[in-house]
Amino acid sequence: MTAPANDDATDAAVPSRSGGLGRAGLLVVPVAAIVVLVLEWGRDLPTWLALLTGLVLAATVLVGVHHAEVVAHRVGEPTGSLVLAISVTVIEVGLIVSVMSSGKPGSDTLARDTVFAAVMITLNGIVGICLVVASLRTRVVRFTPEGAGAALAAVTTLAVLSLVLPTLTTSAAGPVFTGAQLAFAAVTSLVVWLLFVGMQTRRHREWFDERADIAAASEAIAEGDEGAATVALDAVADDNADETTPTAREAWRAFVLLCLSLVAVIGLAKVLSPTLERQVVDAGLPLTVVGVVIALLVLLPETLTAVRAARRGRVQQSFNLAYGSAMASIGLTIPVLAVASALGLVGQLALGLRPSDIALLAVTVAVSILTVAPGKVTLLQGSLHLSILGGYLVLAAYP
């Protein structure tokens, strides 16, 4: 990769990585969010103002992840993956801690609800939408089963160790870990995530990059599927055409704006949390819905990027984003929250899933295995994943 000759080369790619906010929006949104935070700090917001603040919060999340991507692209792999994952985790943990610090009844399950919502949204929502979008362009969607399978195995392991076992253990009353059990889950989650990052960026990088599209094209050509071959080769061409490295000045500017975005997101979440909880309770919904809202906010940038990649035939990239987001949500969030709990920043963590959630997770894993193993799927598999997500959302609102 070579650096662009001037700033315009990279700035031209800004809309494609930031949801269409444009260069001006990328500069203005973090600063505006800080101003809104200062003006609203300590105030009880009316509903209409809370809605506007929520829009500012969503825009700031989008912009923050974009700036993290710019920094990650500049520093390269594997440091780039670490920068992006840590930035997204800071946003997620900040949102969770902001709400949990209120100490209201039911807040002890917010971490579980948010992490599980992230797992269900990524494994069923993002994957399902991307498969549907890709299958509308070609009847058979192809990808590398080795890469997707390894990621799915890691996500499944982390989900069981961190979210299922607390429901089944007997050392502590309720769906909670003892201190030693929580430490084991936290350390294991972090180690598994680091091992996977190393595999994805070093030892088996070919399973996850554009060479996966080339392999899919070769297989499609061998089978006489010209449509799938064209889609895969177009994806490779798009990857090569879009590959520009931000300059050092752009990377530093992005880093400063990223820091502003992270401060604004955490602060605005603290400001909005009382109003959000009140609205959820007034609507007769469980606090689980708060966790779903947080997960949707955090995963919004990845969802937009994954769908855009699927539309352009880069299904392997869509899987990387979906499974990578789920893995980071568990592998980084659980360790950070465990430390926060040990320091007294948040209360006890009730991480154990309900029986209905365990059943949904089991179905998700089973269907995901059948989706990933062949290395090629159709519209049916995407529809099945979206159906599972629909069942999860219904039970989250009406358990």
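The model shown is predicted, which means the values in this text are computed figures rather than measured ones. Residue indices follow the written sequence of each chain, beginning from 1 at its first position. The predicted origin of the model limits local features to residues at a pLDDT of at least 70 and limits the giving and counting of side-chain atom pairs to 80 or more, whereas totals for whole chains, interfaces and linings rest on all residues. Side-chain calculation: all heavy atoms of the structure are included, whereas hydrogens and water are not.

Caption draft 1: Quick peek at the layout of surface pockets. In the cavity and pocket records, a cavity denotes points on a 1 Å grid over the protein atoms alone where a 1.4 Å probe fits but cannot get out, a pocket denotes an open set with protein on both sides within 12 Å along at least 5 of 7 lines, and lining residues are residues with an atom within 4 Å of a point. Grid points are joined across faces, edges and corners, and a volume is the space filled by probe spheres set on the points. Approximately 390 Å³ is the volume attributed to the second largest pocket. Considering the residues around the second largest pocket, the lining is formed by 18 residues, among which Ala50, Gly54, Leu272, Leu276 and Val293 are closest to the centre. Helix numbers and strand numbers start at the N terminus; a helix is a DSSP run of H or I with at least 4 residues, a strand a run of E with at least 2. Elements represented by at least two residues in the lining of the second largest pocket include exactly helix 4 (47-75), helix 5 (79-100), helix 11 (248-282) and helix 12 (288-311). In terms of residue count, the dominant contributor to the lining of the second largest pocket is helix 4 (7 residues). Class assignment of the residues belonging to the lining of the second largest pocket gives a composition of 13 nonpolar, 5 polar and no charged. Gly is put with the polar residues, along with every residue not named as nonpolar or charged; the nonpolar set is Ala, Val, Leu, Ile, Met, Phe, Trp, Tyr, Cys and Pro, and the charged set is Asp, Glu, Lys and Arg.

Caption draft 2: Spotlight on the side chain of Thr275. Within the secondary structure layout, Thr275 lies in helix 11. In this scheme, a residue with accessible area under 20% of its type's maximum is buried, one over 50% is exposed, and one in between is partly exposed, where area comes from a 1.4 Å probe on protein chains only. What makes Thr275 buried here is its relative accessible area of 4%. Contact definition: two residues touch when any of their heavy atoms are within 4.5 Å. Filtering out sequence-adjacent residues up to four positions away, Thr275 remains in contact with Asp44, Leu45 and Ala50.

Caption draft 3: Local environment of the pattern of salt bridges. By convention in these notes, a salt bridge is any Lys or Arg side-chain nitrogen within 4 Å of a carboxyl oxygen on Asp or Glu. Evaluation of the coordinates by the stated rule reveals 2 salt bridges. Asp113 is paired through a salt bridge with Arg112; the nearest N and O atoms lie 3.0 Å apart. There is no split in this pair, since Asp113 and Arg112 are both buried.

Caption draft 4: Expanded view of helix 16 (residues 379-397). Along its 19 residues, helix 16 runs 28 Å from first to last C-alpha, staying within 8% of the 27 Å computed at 1.5 Å per residue. Within helix 16, burial applies to Gln381, Gly382, His385, Ile388, Leu389, Tyr392, Ala396 and Ala397. Seen from one end, helix 16 has its buried residues packed into an arc of 165 degrees, which puts them on one side. Along helix 16, the residues that are exposed and aim more than 90 degrees away from the buried face are Leu380, Ser387 and Val394. Each residue after the first adds 1.5 Å to the expected span of a helix. Think of it as the arc spanned by the lines of direction from the helix axis to the C-beta atoms.

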